[in-house]
Structures are given as structure tokens and as C-alpha cells.
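Reading the structure
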Amino acid sequence: MSDVVWRPEDDSKIRPPLQEGQVYRPDILNVIETTLDGLSGELRALSLDIHDHPELKFEEKYAHDAYTAFMEKHDFTVTKNYLLETAWVATYTHGQGGRVLGVNSEMDALPGIGHACGHNLIGISGVAVALAAKAAMKRLNIDGKVVLLGTPAEEGGFGKVILYEKGAYDEMDVCLMCHPAPGPRHSISLSGCLAISRVTVEYHGHTAHAGLSPWEGQNALDAAVLAYNNVSLLRQQIKPTHRVHGIFEGKDWAPNIIPDHAIMQWLVRAPTTSEMEDTRKRVISCFEAAALATGCKVQVTIGSVGNEIRQNKALGDELADVVLKRYGAIDYDWGIKSASTDFGNITYLMPGLHPGFCK
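The residue count restarts for each chain, going from 1 along the sequence in the order it is written. Local features in this predicted model are restricted to residues of pLDDT 70 or higher, and side-chain atom pairs are both shown and tallied only at a pLDDT of 80 or more, whereas totals for entire chains, interfaces and linings draw on every residue. Heavy atoms from the whole structure form the basis of all side-chain values; hydrogens and water molecules are not counted.

1. A word on the overall build of the protein
Each helix corresponds to a stretch of at least 4 residues labelled H or I by DSSP, and each strand to a stretch of at least 2 residues labelled E; elements are numbered beginning at the N terminus. A count of helices and strands for the protein gives 8 helices and 14 strands. Dimensions along the principal axes, computed over C-alpha positions, put the protein at roughly 80 × 45 × 40 Å. A 1.4 Å probe rolled over the protein chains alone gives each residue an accessible area, and that area as a share of the maximum for its type sets the label: buried under 20%, exposed over 50%, partly exposed in between. Within the protein, the proportion of its 359 residues that are buried is 47%. For the protein, the accessible area works out to roughly 17700 Å², and carbon and sulfur atoms hold 54% of it. When charges are counted, Lys and Arg contribute as positive and Asp and Glu as negative, whereas His and the chain ends are disregarded. To locate a charge, take NZ of a lysine, CZ of an arginine, CG of an aspartate or CD of a glutamate. The positive charge centre, built from 33 side chains, and the negative charge centre, built from 44, are 3 Å apart in the protein. Note on areas: Shrake-Rupley with a 1.4 Å probe; residue coverage comes only from the protein chains shown.

Take a look at the structure:
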């Protein structure tokens, strides 16, 4: 796989050759295209509005209000503060019976860098899917229901998992969402993502004056530094598809006092949940070894676990057929395959699809 898939000076109008043949139900696709072309200006304005008002996990009040107002304007039935304070759901039903299409719109931003992960684009993509599905159902008399779920706290809060446990996904037959991602121009990525585990490590030592009697101390910061270096050495012996990264936290530290308390926050990732769990065991051994070497006590807490994405084959094959015949290319090498998402947990629980898009 090349490290360069396109350059800024490349002609963005050049598209890959399309496959010959007819897509399934071109009449549906034509309605979708016409609807989205007509909504393009509104969707762009909504995306920029959300981008200009970044909010951290579980604090997405501006986004909550902006999205719910938008969906109400387009005649969806909206429930605000749905099961979580900043979650919401917008539904549209046509006819009797039929399938229930679930769609997710993420909202939260990252500390310090705002919407660098593109959740404003994820959010309006979900809105666009729901509006296009509504138009096709109404125009072509297709029975069914669309459930657009506004999901908070993807960035470390596992908002979708919480909502699933509260029943927000019970009605859905399938669930879709999409993510902006690196890759070839005019491509849709069907790669997966990495499973992830959050691990909190606390070292407890004994304070002492660093100048008068350092020998009386047990240095918790030394334990954390040693653990960090242990993990750095471990990386030589783990697979290149695995990721381990962490940070230090502390309070009331001073250079003339031996720290008696240190906290580390770690993330362990791998292509599958089972691989991640194996690597996590080795990482925990690094933490325990540091405690032994420094005479400190260690407490390791395993937090939330995010599964890798399991792309549903039937949904993925249908999407690929449409993309290859009407729009561009399908990619399996880029996307968010080295990142993680709580949508992976949803794909363990029900049929789901999480394509990545690159203009």
C-alpha cells in the first residue's frame, strides 16, 4: 500500500473508471441523489455551525438543539434528551410494517482540537441519510421506518454502548453511520477499525523530602516513568498493527518532594478484541514490574472495551456495487482501520455498516 494516495495539486475531477451494469432499484437512487442535491446548502450550513461550536463528550447541548431543530423542520418526529441528556432521536414512518433503518449521528469534539475527527461531518451525514431515506419511502411508497439517533460521547464516553443498554437500538433491523477518512479520492472505505481497551493505572508510594531524606520515600512518579519505559520497550515485540499509548497525571507534585501518588491513562488497541486482550496482559505486566522495582503499590483498572467494527457483508456488498457502478472506488486499506469507535460494539450486537468517505 502506497503512503501517498493523492496530492493537493492533483485534478480532483478525475474519477476512477466505473463498472458497467445496473444497480438495484435505480429509481430509489435517483430520488436519493435529487434529494441530497437539493439539501446540499442546508447540510453544509449545519455542518459548519456544528464545527464552529465544538463540545466535549456528554456536553453537546448546542449540537443537540441544532440537530433537533433541523429534523423538526423537515417533519421528523423528534424526542429531545432521549435516554441521555444530550442524546436525541428523530423518526419517520411510512405505511405499515416494513424494515426499520437505524442511523447514527455523532456530535462530540476533542479536547483542545475541536472537530478534528470530523464529527460534524458524521452528524450531517446521518441527517442526510435519514432525509434521503424519507424522500425515497414517501415518493416510491416504501413501507418502513427511519430512526436517526443522535449519539453523544464517542470520544471516550462510549455513548452508543450506554444507549444500546438503555434500549435505544431495540427497534432497528440494521444500523448505519459513516466517517470522513483518509483514502483515495472518490472512494468509499470498507475497512474496519481497532478494538480498544482503556486502562487506568495508579501508583501509591510514600512521600519524603527529596533533598533531606529521599531514601525514606517510595517514588510513585518513578514507578510511572518506569512503566512508560517498559511499554516503550515492549513495542519492539508487539505486532505493528497493535497500538499502546498513554499519559501521566498527577497533582500536588513539587520538585523537592518525592511524589507518593501517580496516575496513568492508557489505551491498548489491536485488530480484534481477542488480540487486544492478549496484548493488554503483556502491558499490565509492565505496570506491575514497575511497582515491584520501585517498592510502590499499583492498582490497575480496566475500563470500557470497544470492539472492532464487523462490517456486515450483505450491506457492504450492496454499497460496493452502487459505488463501483455510479460513483468511484471501494477501498479496503485506508479508512479508520488504525483508529477505534464505539460503533464497533454496535456491529457486534446487530447488522451494521460503517463506511469511510474521502472526497
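Next comes the rest of the account.
2. Comments concerning the UniProt feature "domain: Peptidase M20 dimerisation" (unreviewed entry) in the protein
Under the local residue numbering, the UniProt record ascribes the feature "domain: Peptidase M20 dimerisation" (unreviewed entry) to residues 198–291. Taken end to end, residues 198–291 has its terminal C-alpha atoms 20 Å apart, with 36% of it in helix and 26% in strand. UniProt positions are given in the numbering used here, feature names are shortened, and annotations may be inferred rather than shown by experiment.

3. Some words on unusual backbone geometry
The backbone phi angle of Arg25 is positive, close to 50 degrees, even though this residue is not glycine. Structurally, Arg25 can be placed in the segment before α1 (26–51). Of note in this structure, His186 is not a glycine but carries a positive phi near 60 degrees. Note on placement: His186 falls in the loop between β6 (179–180) and β7 (187–189). Residue class for His186 comes out buried when judged on its relative accessible area of 14%.

4. As for the packing of α1 against helix α2 (residues 61–73)
Between α1 and α2, whose axes approach to 10 Å, the crossing angle comes to 165 degrees. Put simply, α1 runs roughly antiparallel to α2. The handedness of the crossing between α1 and α2 is right-handed. Residue-level contacts link Glu42, Leu43, Leu46, Asp49 and Ile50 of α1 to Tyr62, Ala63, Ala66, Tyr67, Phe70 and Lys73 of α2. Residue classes follow a fixed rule: Ala, Val, Leu, Ile, Met, Phe, Trp, Tyr, Cys and Pro count as nonpolar, while Asp, Glu, Lys and Arg count as charged, and any other residue, Gly among them, counts as polar. A per-class count over the contact of α1 with α2 returns 8 nonpolar, no polar and 3 charged. Orientation is described by lines fitted to C-alpha atoms, with helices fitted over the stretch in contact, and by angles between N-to-C directions that extend from 0 to 180 degrees. Geometric relationships in this document are graded by angle, where less than 35 degrees denotes roughly parallel, more than 145 denotes roughly antiparallel, 65 to 115 denotes roughly perpendicular, and other angles denote oblique. Crossings are classed by handedness, with left-handed meaning an anticlockwise turn of the near helix from the far one by less than a right angle and right-handed meaning a clockwise turn. Any two residues whose heavy atoms approach within 4.5 Å are treated as being in contact.

5. Thoughts on the packing of α2 against helix α3 (residues 119–140)
At a minimum axis separation of 12 Å, α2 and α3 run at an interaxial angle of 15 degrees. Overall, the two elements α2 and α3 adopt an arrangement that is roughly parallel. Classified by chirality, the crossing of α3 by α2 is right-handed. Between α2 and α3, the residues in contact are Tyr67, Phe70 and Met71 and His119, Asn120, Gly123, Ile124, Val127, Ala130 and Leu131, respectively.

6. Side note on the side chain of Thr279
Tracing the chain through its elements places Thr279 in helix α6 (residues 273–294). Pairs of N or O atoms are called polar contacts if they sit within 3.5 Å, as long as, within protein, a hydrogen donor faces a hydrogen acceptor (for residues adjacent in sequence, only side-chain-to-side-chain pairs). One polar contact links Thr279 to His242, side chain to side chain, over a distance of 2.7 Å. Setting aside chain neighbours within four positions, we find Thr279 in contact with Ile238, His242, Val244 and Val268.

7. Concerning the sheet that holds β7
We call two strands paired when DSSP finds no fewer than two bridges between them. Spatially, β6-β14-β7-β12 is the arrangement adopted by the 4 strands of the open sheet, whose pairing is mixed. A single partner strand is all that each edge strand has here, and the edge strands are β6 and β12 (329–331). Relative to β12, β7 is paired through 3 bridges, and the arrangement is parallel. Paired with Ser187 across the bridge in β12 is Ala329.

8. Some remarks on the pattern of salt bridges
Salt bridge, as used here: a side-chain nitrogen of Lys or Arg that lies within 4 Å of a carboxyl oxygen of Asp or Glu. Overall, the coordinates contain 10 salt bridges when judged by the stated rule. The partner of Lys73 in a salt bridge is Glu42, and the shortest N-O contact between them spans 3.0 Å. With Lys73 in helix α2 and Glu42 in helix α1, this residue pair connects regions lying 31 residues apart in the sequence. Judged by its relative accessible area of 53%, Lys73 is exposed. Here Glu42 falls in the partly exposed class, since its relative accessible area comes to 29%. Between Lys145 and Glu171 there is a salt bridge, and its shortest N-O distance comes to 2.8 Å. Remark: Glu171 occurs in the loop between α4 (159–165) and β5 (174–176) and Lys145 occurs in strand β4 (residues 144–151); sequence separation between them is 26 residues. Residues joined by salt bridges that share partners form a network here, namely Glu106, Lys160 and Asp342.

9. Points about the sheet that holds strand β1 (residues 77–79)
As summarised here, the arrangement of the 6 strands in space is β1-β2-β4-β3-β5-β13, forming an open sheet in which the pairing is mixed. Each having just a single partner strand, β1 and β13 (352–353) make up the two edges of the open sheet. Both β1 and strand β2 (residues 88–94) contribute to a ladder of 3 bridges, which runs antiparallel. What sits directly across from Thr79, in β2, is Val89.

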